[in-house]
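Residue-level listing of the chains:
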Amino acid sequence: MSEENVKAPKEPLFSRKNKRLVTEPLDDNNPITIQVLGICSALAITVSVEQALVMTASVFFVLGAGNVIVSLLRNLIPSRIRIIVQLVVVASLVIIVDEVLKAFLPDMAEKLSVFVGLIITNCIIMGRFEAFAMANKPWPSFLDAVGNTIGYGLILVLVSVFREIFGAGKLFGVELFGDRIEGTGLYSIGYMDNNFIILAPFALFAVGIIIWIQRARNRSLIEDH
Amino acid sequence: MKSIEKMMRKLEPEHDGKWAKFHPVWDGFYTFLFTPGETTRNGSHIRDGIDLKRTMFMVVTALIPCLLFGIYNTGHFHYVATGETTEYMDMFGDKVIYGLIKVLPLVIVSYAVGLGVEFIFCIKNQHAIQEGFLVSGMLIPLIIPADTPLWMVAIATIFAVVLGKEVFGGTGMNVVNIALTARAFLFFGYPTMMSGDRVWFSGAPDGYSGPTQLGELASFTGKQVDWAYPNIEAFSEHWSIMESFIGMIPGSVGETSTIAIILGAALLLYTGIASWKIMISFVLGGLFVGVLCNQFAVNEFMELAPLHHMVIGGFAFGAVFMITDPVTAAQTSTGKFIYGFLGGALSITVRVFNGAYPEGVMMAILFMNVMAPLIDHYVIGANIKRRKKRLKVKELKAA
């Protein structure tokens with residue numbers, strides 16, 4: 001045991017390996033565009049930037065705390081019931097998020113409705129528990145959560161900025177092109193908001209376009225079939 | 001011709017020169033003007049004299065009657081809305097001029113934007129320019145109301161060409177019909193400009209409302225107080241089948257006149273470009289559901305004569321120019337019958353049973369486009385099974 005300690009000196013907190021845990025999910029291993037996880041929430045809540053940000057924050061709390069807890073417990077969990085244990089962890093964290101949102105951001109909680117509860121089934125979370133936290137120490141697990149949430153949030157914000165501007169004519173709830181009903185600003189010369197962009201299928205197009213651009217820039221990401 | 005050829009040859013970009021990137025564009029124009037002199041070097045191939053360019057041109061020619069009638073129709077209903085005339089032949093010149101002013105910009109914008117996107121992708125990927133858009137560019141203005149703002153047409157065209165075609169690899173690789181993709185984009189994006197009772201009379205004064213027959217028919221699925229007519233007989237009296245057949249009804253630019261569409265259909269069938277199997281089975285599918293509705297009618301709409309269904313809305317146009325698109329249709333012979341029949345049946349089903357969408361042709365054709373490979377898959381599977389069985393019988397006899 002003492003030998004091991006000599007051989008492997010304590011890893012610095014932000015070693016190159018740990019940094020990669022944060023940066024990789026941003027682009028080359030993005031949870032949405034490369035692993036294609038967590039799509040359901042990306043389609044449902046990206047109609048406004050505010051919703052996307054609150055969703056990202058919620059996922060960050062659940063994934064960050066969950067990854068650390070699962071990582072701490074990883075040697076205690078019998079592998080046959082690990083999924084159930086992971087579910088219990090996620091479920092309790094999601095309930096905390098849900099209650100906090102309801103108490104402090106009631107409007108937002110209403111808009112996000114079931115999708116806060118559905119964080120439980122967000123594949124990114126269970127995926128990271130299984131793929132990373134079960135086999136790594138708490139600190140790298142936390143960094144992994146940070147990286148994946150930022151990667152997830154990046155796509156969410158990108159899609160929602162586009163959808164909110166061109167679908168509702170707003171950004172952060174501020175009207176950009178004038179009053180839609182009164183017909184001022186751009187609306188007076190015949191501009192109209194695109195209703196299709198508000199519909200969930202368009203988010204699929206938006207995510208698809210991001211995937212397309214990303215793979216056109218970096219051809220090594222294209223899977224062979 | 002010699003001088004044009006010489007000029008084109010002089011303009012050809014050198015393969016290592018600074019304009020080399022634009023070789024596809026030059027090639028596109030050159031082959032547009034002259035038949036390319038290249039021949040196959042290896043093996044023997046049987047070639048038809050008609051290539052993709054001529055095929056596409058034939059379809060555009062088939063669309064011309066619809067376009068011309070659409071121009072007149074747009075003008076006619078403008079003057080009907082302003083209350084200046086209701087007679088067909090009155091002010092014929094004025095109607096044509098008004099129609100030209102309204103419809104030509106739609107055609108120009110659709111072509112300019114679509115070809116622009118196509119050229120950009122061809123230059124970027126160094127592909128030869130394919131002529132697939134020649135037809136789509138003509139179809140798009142024909143299936144939208146004449147009053148659609150030009151910028152909407154431009155956005156929809158970009159959307160359709162990029163996400164309907166270029167992502168899948170360009171001409172001939174698309175899964176869904178390009179023109180219908182553009183229309184679907186407009187339909188869901190700007191519903192107030194694409195449906196309702198205020199868009200069908202071009203340049204109508206404020207407050208003037210005139211729904212299409214489909215709009216009025218859709219009211220039959222609602223409460224009785226909202227009905228446009230007391231019953232279906234009154235409706236059929238007001239809109240005769242003959243009137244709709246000739247095309248003197250409000251609607252999208254090119255789809256109102258069944259006669260003009262039949263002229264186009266004749267050319268397409270004579271040249272063998274469109275599949276008669278799909279066309280016939282599409283109409284049969286529509287008639288079948290129409291008759292079924294009559295038999296089991298529970299509301300006024302379901303009692304509409306099946307023939308009336310054929311001449312209103314986009315049904316005829318869809319049957320001739322949309323569902324027959326060879327790229328997106330089923331490829332097997334049996335598959336074509338199934339594909340067409342289901343498409344027609346679905347069109348009328350959506351029309352009759354879904355009050356939210358008065359016209360179902362667009363949705364039905366897009367849906368069948370996606371289903372076409374599945375149909376082919378099972379048709380081919382059945383064929384293989386049948387032949388295997390035959391083989392087994394032979395083996396048994398031999399033994």
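Since we're looking at a predicted model, the values are computed, not measured.

Draft legend 1. Representation of the overall build of chain B. A tally of helices and strands in chain B yields 17 helices and zero strands. For chain B, whose C-alpha radius of gyration is 24 Å, the value lies close to the compact-globule estimate of 21 Å for 399 residues. With the C-alpha coordinates of chain B rotated into their principal frame, the extents come out at 75 × 70 × 35 Å. Every one of the 399 residues in chain B was classed for burial, and the buried ones make up 43%. Pairs at least 24 residues apart make up 73% of the contacts formed inside chain B by residues separated by at least 6 positions.

Draft legend 2. Seen up close, the overall build of chain A. For chain A, the count of helices and strands is eleven helices and two strands. For chain A, the sequential pattern of α-helices and β-strands runs α-α-α-α-α-α-α-α-α-β-β-α-α. The dimensions of chain A, computed from C-alpha atoms along their principal axes, are 75 × 45 × 35 Å. Taking the intrachain contacts of chain A between residues at least 6 apart in sequence as the baseline, contacts between residues at least 24 apart amount to 74%.

Draft legend 3. Quick peek at the packing of helix α6 (residues 150-165) of chain B against helix α7 (residues 178-189) of chain B. Residues and elements named next belong to chain B. Interaxial distance between α6 and α7 falls to 8 Å at its minimum, and their mutual angle equals 130°. One way to sum up the angle between α6 and α7 is to call them oblique. In this structure, α6 meets α7 at a crossing whose hand is right-handed. Contacts between α6 and α7 pair Met152, Ala156, Thr157, Phe159, Ala160, Val161, Gly164 and Lys165 from the former with Ile178, Thr181, Ala182, Phe185 and Leu186 from the latter. When its residues are assigned to classes, the contact of α6 with α7 shows nine nonpolar, three polar and one charged.

Draft legend 4. Just the environment of A:Tyr152, in detail. Residues and elements named next belong to chain A. Note that Tyr152 resides in helix α9 (residues 138-168). In sequence terms Tyr152 and Ser188 are 36 residues apart; their C-alpha atoms lie 38 Å from each other. Ignoring anything within four residues of it in the chain, the contact list for Tyr152 reads Pro31, Ile32, Gly38, Thr56, Val59 and Ile124.

Draft legend 5. Local environment of the domain arrangement of chain B. All names here are of chain B. On domain assignment, one finds that chain B holds domain 1 (2-33), domain 2 (52-194) and domain 3 (214-383). Computed over C-alpha atoms, the centres of domain 1 and domain 2 are 28 Å apart. Residues belonging to the side of domain 1 that touches domain 2 are distributed by class as follows: four nonpolar, two polar and two charged.

Draft legend 6. The nonpolar core, seen in detail. Core analysis: the biggest nonpolar cluster contains 129 residues, and A:Val62, B:Ala182, B:Val320, B:Tyr339 and B:Ile365 have the highest contact counts within it. In terms of residue count, helix α16 (residues 333-353) of chain B provides more of this core than any other element does, ten residues in total. When residues of this core are assigned to domains, at least three fall in each of domain 2 (52-194) and domain 3 (214-383) of chain B. Every residue in contact with B:Tyr339, bar those within four places of it in the chain, is listed here: B:Ile278, B:Ala329, B:Ala330, B:Met368, B:Ala372 and B:Ile375.

Draft legend 7. Structural view of the interface of chain B and chain A. Across the boundary between the two partners, chain B contributes eight residues, which contact eight residues of chain A. Element by element, the count of residues in the side of chain B that touches chain A is highest for α7(B), at three residues. The residue makeup of the side of chain B that touches chain A, split by class, is seven nonpolar, one polar and no charged.

Draft legend 8. Quick look at the confidence of the model for chain B. In this model, chain B carries a mean pLDDT of 85, and residues with pLDDT of at least 70 account for 97%. Across the interface, the model reports ipTM at 0.81; the global pTM reads 0.86.

Draft legend 9. Region of the structure containing α7(B). Taking 1.5 Å per residue, twelve residues should reach 16 Å; α7(B) reaches 16 Å between its end C-alpha atoms and fits that length. With eleven of twelve residues buried, α7(B) is to be regarded as a mostly interior element. Among all positions of α7(B), only B:Ile178, B:Ala179, B:Leu180, B:Thr181, B:Ala182, B:Arg183, B:Ala184, B:Phe185, B:Leu186, B:Phe187 and B:Gly189 are buried. Among the structural elements, α10 (195-198) of chain A together with α5 (133-142), α6, α8 (191-194), α15 (315-322) and α17 (361-398) of chain B are those in contact with the buried residues of α7(B).

Draft legend 10. Up close: helix α13 (residues 276-295) of chain B. An ideal rise of 1.5 Å per residue puts 28 Å on 20 residues; α13(B) measures up with 28 Å between its terminal C-alpha atoms. Residues of α13(B) that are buried in the fold lie against α12 (258-271), α14 (306-311), α15 and α16 of chain B.

Draft legend 11. Spatial organisation of the confidence of the model for chain A. The predicted model of chain A averages 83 in pLDDT, with 94% of residues at 70 or higher. Segment residues 1-5 of chain A: pLDDT under 50, and zero contacts once partners within four positions in sequence are set aside and those in other chains are kept.

Draft legend 12. Main features of the packing of α7(B) against α17(B). Residue and element names in this part refer to chain B. The interhelical angle for the contact between α7 and α17, taken along N-to-C directions, is 130°, at an axis separation of 10 Å. As far as their axial angle goes, α17 and α7 are oblique. Regarding α7 and α17, the two cross each other, and that crossing is left-handed. On α17, the residues that touch Leu180, Arg183, Ala184 and Phe187 of α7 are Met362, Ile365 and Leu366. Of the residues belonging to the contact of α7 with α17, the class tally is six nonpolar, no polar and one charged.

Draft legend 13. Just the environment of B:His238, in detail. Residues and elements named next belong to chain B. With respect to the secondary-structure elements, His238 resides in helix α10 (residues 232-238). Take His238: there are 12 C-beta atoms within 10 Å of it, and that puts it in the exposed class. Between the C-alpha atoms of His238 and Trp276, which are 38 residues apart in sequence, the distance is 33 Å.

Draft legend 14. Representation of the environment of B:Val109. Residues and elements named next belong to chain B. Along the chain, Val109 turns up in helix α4 (residues 92-125). Expressed as a C-alpha distance, the spacing of Val109 and Thr157, which sit 48 residues apart in the sequence, is 8.9 Å. Non-local contacts of Val109, meaning those with residues more than four positions away in its chain, are made with Leu150, Val153 and Ala154.

The rules behind the values
- Residues numbered from 1 in each chain as written.
- Chains lettered and ligands numbered in written order.
- Predicted model: local features only at pLDDT ≥ 70, side-chain atom pairs only at ≥ 80, totals over all residues.
- Helix = DSSP H or I, 4+ residues; strand = E, 2+ residues; numbered from the N terminus.
- Rg over C-alpha atoms; globule rule 2.2 N^0.38 Å.
- Buried ≥ 20, exposed ≤ 12 C-beta atoms within 10 Å, placed from the backbone.
- Contact = placed C-beta atoms within 7 Å.
- Axes fitted to C-alpha atoms, helices over the stretch in contact; angles between N-to-C directions.
- Parallel < 35°, antiparallel > 145°, perpendicular 65-115°, else oblique.
- Left-handed = near helix turned anticlockwise from the far one by under 90°.
- Nonpolar A, V, L, I, M, F, W, Y, C, P; charged D, E, K, R; others polar.
- Domains from an automatic or database assignment.
- Core = buried A, V, L, I, M, F, W, Y, C linked by C-beta atoms within 7 Å.
- pLDDT = per-residue confidence, 0-100.
- Expected span 1.5 Å × (residues − 1).

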